[in-house]
Amino acid sequence: MNARKVVPFKENEGISADLMKDIRAKGQDFGLTSIVPFRAEEIIVAQWVHMKCSYGCSRYNSSWCCPPATPGPEKAKAMLDEYSLALLLVGSQSCPEFYLDNSSKRIKQVRFWKGTVSLERLLFLEGYYKAFSLVGETCALCKECAYPEECRFPQERRPSVESFSIDVIGTLQNLGVKPQVANNTNETFSYYGIILVE
């Protein structure tokens, strides 16, 4: 009979250098160029971010991973206050079809989404039971979201960083990271996700 692995849950232990090495290696499999641990208190939540989702994004009220299906700023801030450690996930890409709704763009989005959720799962299996992902950009798991009908991928459904009212640029500045923003669709840009760890 096989012995079952018992996962000792962790709390306020930080992440070992060996585990960070494993996380970074797995992240590279999903196109991530950098994974940086940081204090969760460095995350900036702002009302204006929520307003930008409400007024200016076509995903508003049409996706399970965007407002109003995601928590508002007050609830997001309260949840973030329950964490002391987070991981910043950084990827880099060129995407000439950025403004198009096509399969090439969607494949890139799904790869990053699945990579982020996969790293969350790895952390959970290592004992970080509170691990929770906030994924960059919008969900692309389905060609068209079932919202408001039941989500087709509830176990992989996560809010986007922006839908959680997080000021991404301000948070990056807090961390000393210079955001790489593209001026046109042929330039390389960076995309960001966050995993709340403990």
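Preceding block: the structure.
Anyway, here's the lowdown on the structure attached to this text. (Residues numbered from 1 in each chain as written. Predicted model: local features only at pLDDT ≥ 70, side-chain atom pairs only at ≥ 80, totals over all residues. Heavy atoms only, no water.)

1. What about the environment of threonine 116?
Consideration 1: Secondary-structure assignment places threonine 116 in helix H4 (residues 103–125).
Consideration 2: Judged by its relative accessible area of 0%, threonine 116 is buried.
Consideration 3: Remark: the alpha-carbon pair of threonine 116 and isoleucine 195, spanning 79 residues in sequence, is separated by 7.6 Å.
Consideration 4: Those residues in contact with threonine 116 that sit more than four places away from it in its chain are Leu89, Ser133, Val135 and Ile195. (Helix = DSSP H or I, 4+ residues; strand = E, 2+ residues; numbered from the N terminus. Buried < 20%, exposed > 50% of the residue type's maximum accessible area, 1.4 Å probe, protein only. Contact = heavy atoms within 4.5 Å.)

2. Observations regarding the packing of aromatic side chains
Consideration 1: Inspection of the entire model under this criterion finds 2 aromatic pairs.
Consideration 2: Seen in terms of ring centroids, tryptophan 64 and tyrosine 147 are 4.9 Å apart; in terms of plane orientation they differ by 80°. Their pairing is edge-to-face. Here tyrosine 147 lies in the loop between strand S3 (132–134) and helix H5 (168–174) and tryptophan 64 lies in the loop between helix H2 (47–54) and helix H3 (73–80), a separation of 83 residues in the sequence.
Consideration 3: Relative to tyrosine 191, the ring of phenylalanine 112 has its centre 4.6 Å away and its plane inclined at 80°; by these criteria the two rings are edge-to-face. Remark: tyrosine 191 occurs in strand S4 (residues 188–196) and phenylalanine 112 occurs in helix H4; sequence separation between them is 79 residues.
Consideration 4: Above the plane of the ring of tyrosine 83 lies lysine 130, whose end atom (NZ or CZ) is 4.8 Å from the centre.
Consideration 5: Arginine 157 extends its terminal NZ or CZ atom over the ring of tryptophan 64, reaching a point 4.9 Å from the ring centre. (Phe/Tyr/Trp six-rings, centres within 6.5 Å; stacked < 30°, edge-to-face > 60°. Lys NZ or Arg CZ within 6 Å of the ring centre and 35° of its normal.)

3. Overview of the sheet that holds strand S2 (residues 85–94)
Sheets are built from strands that pair by backbone hydrogen bonding, the pairs being arranged parallel or antiparallel.
Consideration 1: A sheet is described by the order of its strands in space; here 4 strands give the open sequence S1-S2-S4-S3, paired in antiparallel fashion. Looking along the sheet, the strands with just one partner apiece sit at the ends: strand S1 (32–39) and S3. Neighbouring strand axes in the sheet, compared pairwise and without regard to direction, differ in orientation by 25° on average.
Consideration 2: As judged from the 7 bridges shared by S1 and S2, these two strands associate in the antiparallel manner. Bridging from a neighbouring strand, isoleucine 35 pairs with leucine 89 of S2.
Consideration 3: Where H4 meets the sheet, it contacts S1, S2, S3 and S4, and its direction lies at approximately 30° from that of S4. (Pairing = 2+ DSSP bridges. Axes fitted to C-alpha atoms, helices over the stretch in contact; angles between N-to-C directions.)

4. Details of unusual backbone geometry
Generally, phi is negative for residues other than glycine and the peptide bonds are trans, each holding for most cases.
Consideration 1: A cis geometry characterises the amide bond from proline 67 onward to proline 68, with omega recorded as 0°.
Consideration 2: Along the chain, proline 68 turns up in the loop between H2 and H3.
Consideration 3: The phi dihedral of asparagine 61 falls on the positive side, at around 60°, and the residue is not glycine.
Consideration 4: Counting through the fold element by element, asparagine 61 comes out in the loop between H2 and H3.
Consideration 5: Located in the positive-phi region is serine 165, a residue other than glycine, with phi close to 65°.
Consideration 6: As for its placement among the helices and strands, serine 165 is situated in the loop between S3 and H5.
Consideration 7: The exposure class assigned to serine 165 is buried, which follows from its relative accessible area of 0%.

5. Quick look at the pairing of S2
Consideration 1: Of all 10 residues making up S2, 8 are buried, and the element is well covered by its neighbours.
Consideration 2: As judged from the 9 bridges shared by S2 and S4, these two strands associate in the antiparallel manner. Looking at the pairing, glutamine 93 lines up with phenylalanine 189 of S4.

6. Things to note about a nonpolar patch on the surface
Consideration 1: Nonpolar side chains collect at one region of the surface, where Phe9, Phe124, Leu125 and Tyr129 lie side by side and expose about 370 Å² of accessible area between them.
Consideration 2: Inspection of the secondary structure puts phenylalanine 124 in helix H4.
Consideration 3: Residue classification places phenylalanine 124 among the partly exposed residues on the basis of a relative accessible area of 32%. (Patch = residues over 30% accessible without salt bridge, like charges linked within 9 Å, V, L, I, M, F, W, Y side chains within 5 Å. Areas by Shrake-Rupley, 256 points an atom, 1.4 Å probe, with all protein chains shown as cover. Salt bridge = Lys/Arg side-chain N within 4 Å of Asp/Glu carboxyl O.)

7. Quick look at the nonpolar core
As a rule of thumb, nonpolar side chains are buried together in soluble globular proteins.
Consideration 1: Core analysis: the biggest nonpolar cluster contains 27 residues, and Ile15, Ile23, Leu87 and Leu123 have the highest contact counts within it.
Consideration 2: The element contributing the most residues to this core is H4, with 7 residues.
Consideration 3: The residues touching leucine 123, leaving out its near neighbours within four places in the chain, are Ile15, Leu19, Ile23, Leu87, Tyr128, Ala131, Ile195 and Val197.
Consideration 4: Counting residues in hydrophobic clusters, the runner-up holds 18 residues, among them Ala86, Ile166, Val168 and Ile194. (Core = buried A, V, L, I, M, F, W, Y, C linked by side-chain atoms within 4.5 Å.)

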